[in-house]
Amino acid sequence: MSRAFKRLFTMGLAWMLVFLAACSGNSGDSGGGGASQTANGGGTTQSAGSGGGNSGGGNSGSEEPVEITIMANFSPADISEADQALISKVEEAVNVKINFIVPPSSGYQEQLQLTLVSGDYPDVVFFPSETSEIFLNAVNDGFLIPVNEYLENAPNLMEYTYDISWEALQVLRDGKIYGIPRTTIARYDGFEVRKDWLDAIGFEVPENHEITIDQFTDILRKFTRDDPDGNGLDDTYGYGGYLNTNKVLDPILSTPLGNLGWQETSGGEYKYMHPMYDRNSGLFKEILAYNQMLFTEGLVDPDALTIDRNMSGDRFKRGITGVRDEFAGYIVGKEKEMKETNPNAELTYLYVQDRNGEVKGAAYGTALWGLWGITNTAEHPEKIVQLFDWLLSDEGWDLVTYGVEGVEYNMVDGKREYIEGMSAPWRKGFVRRAGDANFFLSPTLTQEEIDRVQPFIDKSVESVFFSLDRGYVPPASREPVFMDFKLTWDETLTKIMVGELPVDAFDNLLDEWYEKGGKEYVEQMNEYIESTMQE
């Protein structure tokens, strides 16, 4: 057991006792069709077979369905009727029976830690990040198995996954792939912005929807100080920030200010460098200084230090904040939702140019939005891979994208008419096809609404490029001294950004980082990047 998991064991044991006690009090049969549920840290354990039906479908009389248990981070934790219909289709097509363990999304990381220290693993576990300590430890400690041999029979996974995503899951750099990517579309997103607030402060949106860094800052100031909602109260903030999946605050405008990830440099100590670790450049300190200015002027929602992305989105919809990073395809649906309580709400989409007047940026990591890891207790890993591969087939992808006909929608005059009140919040959380950005568009959008957001989506995809690290995590990052220092690193950066420490405090932090293993980290990253250049 790794040092990281040992530190979690005491906490995990206490939670486990609560967990077992809760389960013992909820072990009875649900007494009816549909998803059965037992207590699971506040979430649910669910069998997705539809009531009264045979989840094996056309497999009646053949082999018994293979039972697979999946631990997933879905919200809400209870499966909907429409999602259950989708799972039943999957079960029938692949001849499996799927059980879900779905903790509350707000406590997923904690429940994931508890699961891994308990030794009682489900067959499949969702990990929110391929670079997280908990995933890397799960690989190093042998909790997860490589999937290479099963990918030979997974043509859809191979066709619709970016090469860089497979490379990112070769975390031991021995050619073994530890997980099934949940692909995200490689893109460089801009910002959703309250158009009605822009009108109130007298800002005219440029035809190309591109603004400068100074214009962005001015918008945040006026959204905070000039009563853009016109209610006469000092109750709005310019920017809606949040903690990322690692519970860390990301710098605002990092990319337009010059952070393009790992790139080739000239004249420095190393051939390849990330601005955050560059002792010969003041670029990252400039990014920190800009963020400190935003926070100390009160232009960022102060709740950004405690809330996650979902809660940040909720505060944006409630009219507390006016600018937020987001995928362009969501703004039409979000605008409709906001108009239910505020008929005057209107959204637009903006990109921020870099200092050269260009819009470009590194993709979201390695085109991964988490991954599905297969544990060493899974009896049929080939079936698990087959399950995810089928979801990316033409038949499965149609269901993932649009839902199940007759349950979520009906065909009327050759068009889908979605049934009011029927939703499938899990449906698009299993897999995604690389390059298909339109997957994110709601199927209920009219052509006019699609035409409104399509140019934004196209620009996001066209302006993206990848950092040279390809998601590689140097072995130095797994050294205990380096791992222990990460908390100090994260806390210090946050304190600098919010103004509790001066920007120059970063100099000492970076020097200490190099002493705690950062030097080896940079050297190993340079060796890796150089090796990829020779492929």
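Quantities reported herein were computed from a predicted structural model and do not represent experimental measurements.

Enquirer: Whenever I open this one, the sheet that holds strand β7 (residues 191-194) confuses me. Can you help?
Expert: One key point about sheets: their strands pair by backbone hydrogen bonds, in either a parallel or an antiparallel sense. A sheet is described by the order of its strands in space; here 5 strands give the open sequence β8-β13-β7-β12-β9, paired in mixed fashion. Only two strands of the sheet have a single partner each, and these edge strands are β8 (210-211) and β9 (237-239). When β9 meets strand β12 (residues 321-325), the two strands line up parallel, connected through 2 bridges. When the bridges of β12 are listed, Tyr239 appears paired with Val323.

Enquirer: Would you mind going over the packing of aromatic side chains with me for this structure?
Expert: The way to describe two aromatic rings as a pair is by their centre distance and the angle between their planes. If you walk through the whole model with that rule in mind, you get 34 aromatic pairs. When the centroid spacing of 6.5 Å and the interplanar angle of 65° are considered together, the rings of Tyr162 and Phe466 count as edge-to-face. With Tyr162 in the loop between α6 (155-159) and α7 (163-168) and Phe466 in the loop between β18 (464-465) and α16 (480-498), this pair connects stretches of sequence that are 304 residues apart. Where Trp489 meets Phe506, the ring centres are 5.8 Å apart and the plane angle is 65°; that geometry is what we call edge-to-face. Highlighted residues: Trp489 in helix α16 and Phe506 in helix α17 (residues 505-533), separated in sequence by 17 residues.

Enquirer: Got a minute to help me understand the pairing of β12 in this structure?
Expert: Successive residues of a regular strand alternate their side chains across the two faces of the sheet. Most of β12 sits inside the fold, with 4 of its 5 residues counted as buried. Across 3 bridges, the pairing between β7 and β12 is antiparallel. Across the sheet, residue Val193 finds its bridge partner in β12, namely Val323.

Enquirer: Hey, could you run me through the environment of Glu91 in this one?
Expert: Turning to its location among the elements, Glu91 is positioned in helix α2 (residues 81-94). Along the sequence, Glu91 and Leu387 sit 296 residues apart, while their C-alpha atoms lie 8.3 Å from each other. Here the side chain of Glu91 touches Ile98 through a polar contact of 2.8 Å, landing on its backbone nitrogen.

Enquirer: Just checking my understanding: could you explain unusual backbone geometry for this structure?
Expert: Residues other than glycine predominantly adopt negative phi, and peptide bonds predominantly adopt the trans conformation. Geometrically, the link from Ser75 to Pro76 is a cis peptide bond, its omega value of 0° lying close to zero. One can find Pro76 in the loop between β3 (66-71) and α2. At Arg173, a position not held by glycine, the phi torsion is positive, near 55°. Looking at the secondary structure, you find Arg173 in the loop between α7 and β6 (180-183). Although it is not a glycine, Asp227 adopts a positive phi angle of roughly 50°.

Enquirer: Any chance you could explain the pattern of salt bridges here in plain terms?
Expert: One side chain can pair with another of opposite charge once the charged atoms of both are near each other. Counting across every chain of the model gives 31 salt bridges. Asp301 is the partner of Arg315 in a salt bridge, and the nearest nitrogen-oxygen pair spans 2.6 Å. With Arg315 in helix α11 (residues 309-317) and Asp301 in the loop between α10 (283-296) and α11, this residue pair connects regions lying 14 residues apart in the sequence. No difference in accessibility class separates Arg315 from Asp301, as the two residues are buried. When the shortest N-O distance is used, the salt bridge between Glu335 and Arg452 registers 3.0 Å. Taken together, the positions of Glu335 in helix α12 (residues 331-339) and Arg452 in helix α15 (residues 447-462) put the pair 117 residues apart, joining distant regions of the chain. By relative accessible area, which is 29% here, Arg452 ends up partly exposed.

Enquirer: Mind showing me how you'd approach the nonpolar core here?
Expert: Burial of nonpolar side chains together is a common tendency in soluble globular proteins. Ranked by size, the top nonpolar core spans 96 residues in total, and within it Phe127, Phe135, Trp372, Phe388 and Phe430 carry the most contacts. Beyond its immediate stretch of four places on either side in the chain, Phe135 contacts Phe127, Ser129, Glu130, Leu144, Leu169, Val171, Tyr178 and Leu371. Formed by 57 residues, the second largest nonpolar core is a distinct cluster that contains Leu257, Tyr272, Leu510 and Tyr514.

Enquirer: Honestly, the packing of α2 against helix α13 (residues 381-391) in this entry has me stumped. Any pointers?
Expert: The geometry of a pair of packed helices is captured by two quantities: the angle between their axes and the separation between those axes. Here α2 crosses α13 at 120°, and the two axes come no closer than 10 Å. Taken together, α2 and α13 sit at an angle that is classed as oblique. Here α2 runs over α13; the crossing is right-handed. Of the residues in α13, those touching α2 at Lys89, Val90, Ala93 and Val94 are Lys383, Gln386, Leu387, Trp390 and Leu391. Residues that form the contact of α2 with α13 fall into these classes: 6 nonpolar, 1 polar and 2 charged.

Conventions adopted
Residues numbered from 1 in each chain as written. Predicted model: local features only at pLDDT ≥ 70, side-chain atom pairs only at ≥ 80, totals over all residues. Heavy atoms only, no water. Pairing = 2+ DSSP bridges. Helix = DSSP H or I, 4+ residues; strand = E, 2+ residues; numbered from the N terminus. Phe/Tyr/Trp six-rings, centres within 6.5 Å; stacked < 30°, edge-to-face > 60°. Buried < 20%, exposed > 50% of the residue type's maximum accessible area, 1.4 Å probe, protein only. Polar contact = N/O pair within 3.5 Å; in protein donor to acceptor, adjacent residues only side chain to side chain. Salt bridge = Lys/Arg side-chain N within 4 Å of Asp/Glu carboxyl O. Core = buried A, V, L, I, M, F, W, Y, C linked by side-chain atoms within 4.5 Å. Contact = heavy atoms within 4.5 Å. Axes fitted to C-alpha atoms, helices over the stretch in contact; angles between N-to-C directions. Parallel < 35°, antiparallel > 145°, perpendicular 65-115°, else oblique. Left-handed = near helix turned anticlockwise from the far one by under 90°. Nonpolar A, V, L, I, M, F, W, Y, C, P; charged D, E, K, R; others polar.

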